[in-house]
Amino acid sequence: MDFVILAIVMLALGIYGLLTNRQLLKVFISLELIATAATLNFVLLASNLNLGQALLILAFSTDTVLSGVILAVLVIVSKRYGTSDMGKIIKLMQEKNEPEVDTQ
Amino acid sequence: MIEEFSAWLVWVIPLLSSLFVPLIGKYNEKIRNYFVVAVAALTAGLALSLVPAVWSGNGEALTTNPISWIPGITGISAGVYIDPLSVLFTCLIGFFALVIAVYSIGYMKGEEGLSRYYYLILLFIGSMIGLVLADNMLQMFIFWEMVGLCSYALISFWYKKPESIHAGVKVFIMTRIGDIALLAAIGLLFLMFNTLSFRGIIAGIQAGGFNMDYMVAVAFLVLGGAIAKSAQLPLFTWLYSAMEAPTSVSALLHAATMVKAGVYLLARFILIISVAPAIITALMPYWFPVVTWIGVLTALVGASLALTTTDIKGVLAYSTVSQIGFMMSALGAAATTGGLIGEGWFASLYHMVSHAFFEGLGFLLAGGIIHAIGTRDMRLMGGLRKLMPTTFILMGIMIITTSGLPPFAAFFSKGLIITSVTGIETLAGLAQVIILYGTAALTFAYCVRMFSLAFMAPKTEHIEKQHVHEAPKVMLIPAAILAGLCIVWGLAEPLVASFMHIELAEGLVGAFLNIETPIFLLLLVPTGLIAYYTYYKGFKGVRNVAGTKNPLSTMLNHAFFFDDLYGTVTKGLTRFSEGLTRVENVLFARYPDAAGTSISEAAEPGKATTLKRGPSDSFRNYVAAAVVGFILIIVLIIITSGV
């Protein structure tokens, strides 16, 4: 039960982070917190099943791959717009004066 | 069994061959296009090969051997579920895959990023067929999400246009609401039956091992999933935004994939619960009427919005919203007419196919028009009758079918829907039938309006300025095939009924001699005449009323304020988060960069000095906080481990 509370607290922290931060990296960290909270719940609820533990490795590896992709996208976006503030990026997108993608 | 192999291959082949599309595209673009057409043709052939076994069967699902998917957990397997419902959908999707693959050769000629386009199209088709053939909820849910993902990627295909990115994201987020509801429903089902396969759930229901309260919750959650996916009230606005997609994608999305997934889900769910009369009786007082009401109101809202939009694809989009409303209302009447699953269930699926034909036809022709004159605004069209004669004739067939005039497809299917809703026989049912008749009349009006504006009205300056040409053959032939099916499909009603193993109360002739037919046709006269005189003859009456500021036109121009409502909600959420940020800034004022400078800004050469000078204090604070936190954790570990 303690771990469920921990997972809920992590979820709440993640949502709080999503609400208060506009930096892409911080948003990403908040998202990761939420994902970890969900994974933690899986671990807990599958603790009497060996299979649950085994599937967890799958969940972790998928999560890691996802993080890699998201980080790569974040780097491209912040390079392209010269900022990692979501509000500013949206404003720049709406102004339609987008620079061409740097294909390096 | 041979059917089981084809049922697997029919979705595995498009999914696997989608991976080869970019590779072949690198080598030769022409071969890539033909490869996609070949795969689509193979898919259509495999889908058709499923028909005989199902037709000769008894209407139940064929026996198949599901593969154990995750060894160790019973109840989670992968398999195919071959019954009339899934095969009907599979054939429709396979056929449209072929039509769209051929059409795309003409329509998407010379576009950038076509390998991506074809890859996504094949993935889209494969996942939709996988969705309808899946034999368990989990497999279905995976494909359900893949369909959503593909439609997002295809709608924002022209990713350099901000509008299309916006539309794609809107579609993704709005349909996601329904996905959450469906996921919750799946969780509840697993909780009750310890299995996710349709067969297992049916067996569980027959054995009586269900909790009625849970079952009601599941029913409403499934309905929520269907509402979001099929663009019903109140989540229908995404379908209009999705018009930013290439027209071939719109045709696929409206005719076979994506929006039809919700109809499939509800039809499947009703089929599953129909084995237990107790559940049907429990759901009768509120769930089925809710489904019908949502369908009826959506039909009305969609038709009235189609009457006001100036975007030719917008008319077709709202028309789809309205027609799917018709299907939903029939699904809500499925349990009330006669036996457990009766005519309403069949009427909805039958109309689903005829809608696919006429809506697909409409989009293919609209694509040709947009291709030729480079705009979607109907006010800039006019006089296309002489300039695009073949398109004119085919669009005429589409108009007649959509408005439900005899003897084309929608006359029979729409008539069957109205008959089945009439069978509800309550006061609410009477109101629903009246609204449906009104909607049918409005349908005729928006068809006449679109036809007049685009083809009959005098040429506008925009048209005069450019050399308008008829669409190429590769785009017209698929459209002509669909037009042929629009004509024939209505007469195929007894065949389809025998394929679905449903007994119809009246045959083809009965539909003509029905008392409802003259009422229906009489109702079309006034609305048709008003639309004809307003948009063809150019009488100003209606236009003047529409131009003035009155509540009705304001409502219609704002699409009944649904998008404004969602805008208000998101704005409120943004305000809330800004308030939270401000509170945070006050509380943590000691750390000047807590919510301030971004990391990349700080890393820019010009700002490096600020990083050195300013936040060094805060850096020290961070280190101190980390050390304190570390010590606290160690203390906690020591205390809890009881050393």
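Residues numbered from 1 in each chain as written. Chains lettered and ligands numbered in written order. Predicted model: local features only at pLDDT ≥ 70, side-chain atom pairs only at ≥ 80, totals over all residues. Heavy atoms only, no water.

K.L.:
Requested: an account of the overall build of chain A, with residues and values cited.
P.N.:
Along chain A, the regular secondary structure elements total 4 helices and 0 strands. From first element to last, N terminus to C terminus, chain A shows the α and β order α-α-α-α. Radius of gyration (C-alpha) of chain A: 18 Å, far over the 13 Å computed for a compact globule of 104 residues. Viewed in the frame of its principal axes, chain A has a C-alpha envelope of about 55 × 30 × 15 Å. Evaluated residue by residue, chain A yields a buried proportion of 25% over its 104 residues. Considering only residue pairs separated by 6 or more positions, chain A has 50% of its internal contacts joining residues 24 or more positions apart. Between the centroid of the 7 positive side chains of chain A and the centroid of its 8 negative side chains there is a distance of 9 Å. (Helix = DSSP H or I, 4+ residues; strand = E, 2+ residues; numbered from the N terminus. Rg over C-alpha atoms; globule rule 2.2 N^0.38 Å. Buried < 20%, exposed > 50% of the residue type's maximum accessible area, 1.4 Å probe, protein only. Contact = heavy atoms within 4.5 Å. Lys, Arg positive; Asp, Glu negative; His and termini not counted. Charge placed at Lys NZ, Arg CZ, Asp CG, Glu CD.)

K.L.:
Please provide a residue-by-residue account of the overall build of chain B, values included.
P.N.:
In terms of helices and strands, chain B carries 31 helices and 2 strands. Here the C-alpha radius of gyration of chain B, 27 Å, is about what a compact globule of 643 residues would show, namely 26 Å. Seen through its principal axes, chain B has C-alpha atoms that stretch 90 × 70 × 60 Å. Residues classed as buried in chain B amount to 54% of the 643 residues present. For chain B, the computed accessible surface area is about 26,600 Å², with 71% contributed by carbon and sulfur atoms. (Areas by Shrake-Rupley, 256 points an atom, 1.4 Å probe, with all protein chains shown as cover.)

K.L.:
Can you explain the side chain of Lys229 of chain B? Please cite residues and give values.
P.N.:
All names here are of chain B. Mapped onto the elements, Lys229 comes out in helix α9 (residues 212-229). Reaching out from Lys229, the side chain makes a polar contact with the backbone oxygen of Trp144 at a distance of 3.1 Å. Lys229 has contacts with Trp144, Val147, Gly148, Asp179, Trp238, Met258, Val259, Ala261 and Gly262, leaving out every residue within four places of it along the chain. (Polar contact = N/O pair within 3.5 Å; in protein donor to acceptor, adjacent residues only side chain to side chain.)

K.L.:
How would you explain the pattern of salt bridges if you had to name every residue and give the values?
P.N.:
Residue and element names in this part refer to chain B. Inspection of the entire model under this criterion finds 7 salt bridges over all chains. Between Arg176 and Glu145 there is a salt bridge, with its nearest N and O atoms 2.8 Å apart. With Arg176 in helix α7 (residues 162-193) and Glu145 in helix α6 (residues 137-155), this pair connects stretches of sequence that are 31 residues apart. Given the relative accessible area of 19%, Glu145 is considered buried. Measuring nitrogen to oxygen at the nearest pair gives 3.3 Å for the salt bridge that ties Arg176 to Asp179. Of this pair, Arg176 and Asp179 both sit in helix α7, separated by 3 residues, roughly a single helical turn. Given the relative accessible area of 5%, Asp179 is considered buried. (Salt bridge = Lys/Arg side-chain N within 4 Å of Asp/Glu carboxyl O.)

K.L.:
Please give an account of a nonpolar patch on the surface that cites residues and values.
P.N.:
Together, Tyr622, Val623, Val627, Ile631, Val635 and Ile639 of chain B make up a nonpolar patch on the protein surface, roughly 520 Å² of accessible area in all. Residue position: Tyr622 of chain B is located in helix α31 (residues 616-641). (Patch = residues over 30% accessible without salt bridge, like charges linked within 9 Å, V, L, I, M, F, W, Y side chains within 5 Å.)

K.L.:
Pulling in residues and values, what's your account of the state of the cysteines?
P.N.:
Inspection of every chain in the model, using the stated rule, returns 0 disulfides over all chains. With no disulfide of its own, Cys486 of chain B lies closest to Cys447 of chain B among cysteine sulfurs, the gap being 12 Å. (Disulfide = S-S within 2.5 Å.)

K.L.:
Would you mind going over the packing of aromatic side chains in detail, with residue names and values included?
P.N.:
Residue and element names in this part refer to chain B. On inspection of all chains with the given rule, the structure shows 25 aromatic pairs over all chains. Measuring from ring centre to ring centre gives 6.1 Å for Phe95 and Phe357, while their planes differ by 90°; the resulting arrangement is edge-to-face. Taken together, the residues span a long stretch of sequence, with Phe95 in helix α4 (residues 84-107) and Phe357 in helix α16 (residues 343-373) at a distance of 262 residues. Taken together, Phe95, Phe96, Phe346, Tyr350, Phe357 and Trp489 form an aromatic cluster joined through their ring pairs. Lying over the aromatic face of Phe326, Lys414 brings its terminal NZ or CZ to 5.2 Å of the ring centre. (Phe/Tyr/Trp six-rings, centres within 6.5 Å; stacked < 30°, edge-to-face > 60°. Lys NZ or Arg CZ within 6 Å of the ring centre and 35° of its normal.)

K.L.:
I'd like a rundown of the confidence of the model for chain B, residues and numbers included.
P.N.:
Residue and element names in this part refer to chain B. Mean pLDDT over chain B works out to 82, with 90% of the residues at or above the 70 mark. The spread of mean pLDDT over the elements of chain B runs between helix α30 (residues 608-613), the lowest at 42, and helix α5 (residues 114-133), the highest at 92. Below a pLDDT of 50 lies the segment residues 592-616, which in the model reaches 32 contacts outside its immediate sequence neighbourhood of four places, other chains included. Among the scores for the predicted complex, ipTM is 0.82 and pTM is 0.86. (pLDDT = per-residue confidence, 0-100.)

K.L.:
Please give an account of the packing of helix α14 (residues 287-306) of chain B against helix α20 (residues 427-456) of chain B that cites residues and values.
P.N.:
All names here are of chain B. Contact pair α14 / α20: the axes reach a minimum separation of 8 Å and the direction vectors enclose 25°. Of the possible angle classes, the one that applies to α14 and α20 is roughly parallel. The two elements α14 and α20 meet at a crossing, and its hand is left-handed. Packed against α14, whose contacting residues are Pro289, Thr292, Trp293, Val296, Ala299, Leu300, Ala303, Ser304 and Ala306, the element α20 presents Ala428, Ala431, Gln432, Ile435, Leu436, Thr439, Leu442, Tyr446 and Arg449 at the interface. Taken together, the residues of the contact of α14 with α20 break down into 13 nonpolar, 4 polar and 1 charged. (Axes fitted to C-alpha atoms, helices over the stretch in contact; angles between N-to-C directions. Parallel < 35°, antiparallel > 145°, perpendicular 65-115°, else oblique. Left-handed = near helix turned anticlockwise from the far one by under 90°. Nonpolar A, V, L, I, M, F, W, Y, C, P; charged D, E, K, R; others polar.)

K.L.:
Outline the side chain of Lys414 of chain B, supporting the account with residue identities and numerical values.
P.N.:
Residues and elements named next belong to chain B. Tracing the chain through its elements places Lys414 in helix α19 (residues 409-422). Despite its burial, Lys414 pairs with no opposite charge; the closest candidate is Glu359, at 9.1 Å N-O. In terms of polar contacts, Lys414 uses its side chain to reach the backbone carbonyl oxygen of Thr402, at 2.9 Å.

K.L.:
Any chance you could break down α16 of chain B for me, citing the residues and the numbers?
P.N.:
Residues and elements named next belong to chain B. Taking 1.5 Å per residue as the helical rise, α16 with its 31 residues ought to reach 45 Å, and the 44 Å between its terminal C-alpha atoms agrees with that figure. Within α16, 30 of the 31 residues are buried, which leaves it mostly tucked inside the rest of the structure. A positive phi of about 70° marks Gly374, the residue just after α16. (Expected span 1.5 Å × (residues − 1).)

K.L.:
Hey, could you go over helix α11 (residues 247-255) of chain B for me, with residue numbers and the actual values?
P.N.:
The element α11 of chain B is largely enclosed, with a buried count of 9 among its 9 residues. Along α11 of chain B, the residues that are buried comprise Thr247, Ser248, Val249, Ser250, Ala251, Leu252, Leu253, His254 and Ala255 of chain B.

K.L.:
Now, about the environment of Lys313 of chain B: what can you tell me, with residues and values included?
P.N.:
Residues and elements named next belong to chain B. You can see Lys313 is positioned in helix α15 (residues 312-332). It is 8.7 Å that separates the C-alpha atoms of Lys313 and Gly367, two residues lying 54 residues apart in sequence. If we ignore the near neighbours within four places in the chain, the residues touching Lys313 are Met243, Ala245, Pro246, Thr247, Ser250, Phe363, Ile370 and Arg376. A polar contact is formed between the side chain of Lys313 and the backbone oxygen of Ala245, at a distance of 2.8 Å.

K.L.:
Tell me about unusual backbone geometry, and please be specific about residues and values.
P.N.:
Residues and elements named next belong to chain B. Backbone torsion omega between Leu233 and Pro234 reads 0°, so that peptide bond is classified as cis. Its place among the elements puts Pro234 in the loop between α9 and α10 (237-241). One non-glycine residue, Asn194, lies in positive phi territory at about 60°. A relative accessible area of 54% places Asn194 in the exposed class.

K.L.:
Lay out the environment of Gly295 of chain B with the relevant residues and their values.
P.N.:
Residues and elements named next belong to chain B. Inspection of the secondary structure assignment puts Gly295 in helix α14. Residues Gly295 and Ser329, spaced 34 residues apart in sequence, show a C-alpha to C-alpha distance of 4.4 Å. Other than its neighbours up to four places away in sequence, Gly295 contacts Gln232, Gly325, Phe326, Met328 and Ser329.

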